[in-house]
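# Residue-level structure breakdown
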Amino acid sequence: MTSPISGISGIGAALPIAPVAPSAPSSTPAVSGPSESFASMLTDGLENLQKVQGRADELAVQAANGTLSDPAAYTMASTEAALATQLTVAVRNKAVEAFTEIMRMQA
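As annotated in an unreviewed UniProt entry, the protein carries the name Flagellar hook-basal body complex protein FliE and comes from Catenuloplanes atrovinosus. Here is the UniProt Subcellular location (unreviewed entry) comment for the protein, exactly as written: "Bacterial flagellum basal body". Its UniProt record, at the heading Sequence similarities (unreviewed entry), says of the protein: "Belongs to the FliE family."

Here it is in C-alpha cells:
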C-alpha cells in the first residue's frame, strides 16, 4: 500500500523559497486610510446577515418539506447564520457600551 503523501512530494520543487533581504527601517510607516466609512461597512454587514439568515431559513423549509437533498448544507447555513448573528450582537453591544461611555464624559 502506498502512502497518500508520497504523491505530493514534488510540491517543494514547485514552490521555491527565496531569502528575504533585510530592509532599512523607514522613519515613518506608510498608513493608508480606510476605503469605506464605518456606516457603509455596518450596512454591508447587516445586509450580509439578512442574506445568510434568509438562506438558512430557505434550507430549513426544504428540510421540513423533505425536499432537502444535502442535510450538510442546512447545517452549515444554520451555523453560519448563528455565528453572523452572534457577531452582530457583539458589535451592537460594543457600540452601545461606547455610546454610554461617551455620555458619561464631563464637558
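Okay, back to it.
So, on to helix α3 (residues 71–104). Under the 1.5 Å per step criterion, the end-to-end length of α3 is 50 Å for 34 residues, consistent within 8% with the ideal 50 Å. Of all the positions in α3, only Ala 77, Ala 81 and Ala 84 are classed as buried. Close packing links the buried residues of α3 with α2 (38–65).

For the rest of this paragraph, the subject is the pattern of salt bridges. Under the criterion given, the structure shown has 2 salt bridges. Among the ionic pairs, Glu 58 bridges to Arg 55, the shortest N-O distance being 3.1 Å. Remark: Arg 55 and Glu 58 occur in helix α2; sequence separation between them is 3 residues, near one turn of the helix.

Side chains that are nonpolar tend, in soluble globular proteins, to be buried together. Val 52, Ala 56, Leu 59, Ala 77 and Ala 81 form the largest nonpolar core, which has 5 residues in total. Elements with a minimum of two residues in this core: α2 and α3. Of the residues forming this core, the biggest block, 3 residues, is contributed by α2.

Our next topic: the layout of surface pockets. Of the pockets and cavities examined, the largest pocket occupies roughly 300 Å³. Lining the largest pocket we find 13 residues, and of these Leu 42, Gly 45, Leu 46, Thr 88 and Val 91 sit closest to its centre. Of all the secondary structure elements, the ones that give two or more residues to the lining of the largest pocket are α2 and α3. Considering every element that reaches the lining of the largest pocket, the biggest residue donor is α2, with 7 residues. In terms of residue class, the lining of the largest pocket is made up of 9 nonpolar, 3 polar and 1 charged.

Attention shifts here to α2. The α-helix winds at 3.6 residues per turn, so residues separated by three or four positions along the chain end up facing the same way. Helix length check: α2, at 28 residues, gives a terminal C-alpha distance of 41 Å against a target of 40 Å (1.5 Å per residue), a fit within 8%. Taken residue by residue, α2 has Leu 49, Val 52, Ala 56 and Leu 59 as its buried positions. Against α3 lie the buried residues of α2.

Definitions and limits used
Residues numbered from 1 in each chain as written. Predicted model: local features only at pLDDT ≥ 70, side-chain atom pairs only at ≥ 80, totals over all residues. Heavy atoms only, no water. UniProt positions renumbered as here; feature names shortened; annotations may be inferred. Helix = DSSP H or I, 4+ residues; strand = E, 2+ residues; numbered from the N terminus. Expected span 1.5 Å × (residues − 1). Buried < 20%, exposed > 50% of the residue type's maximum accessible area, 1.4 Å probe, protein only. Contact = heavy atoms within 4.5 Å. Salt bridge = Lys/Arg side-chain N within 4 Å of Asp/Glu carboxyl O. Core = buried A, V, L, I, M, F, W, Y, C linked by side-chain atoms within 4.5 Å. 1 Å grid on protein atoms, 1.4 Å probe; cavity = no way out; pocket = protein on both sides within 12 Å on 5 of 7 lines; lining within 4 Å. Points joined across faces, edges and corners; volume = space filled by probe spheres on them. Nonpolar A, V, L, I, M, F, W, Y, C, P; charged D, E, K, R; others polar.

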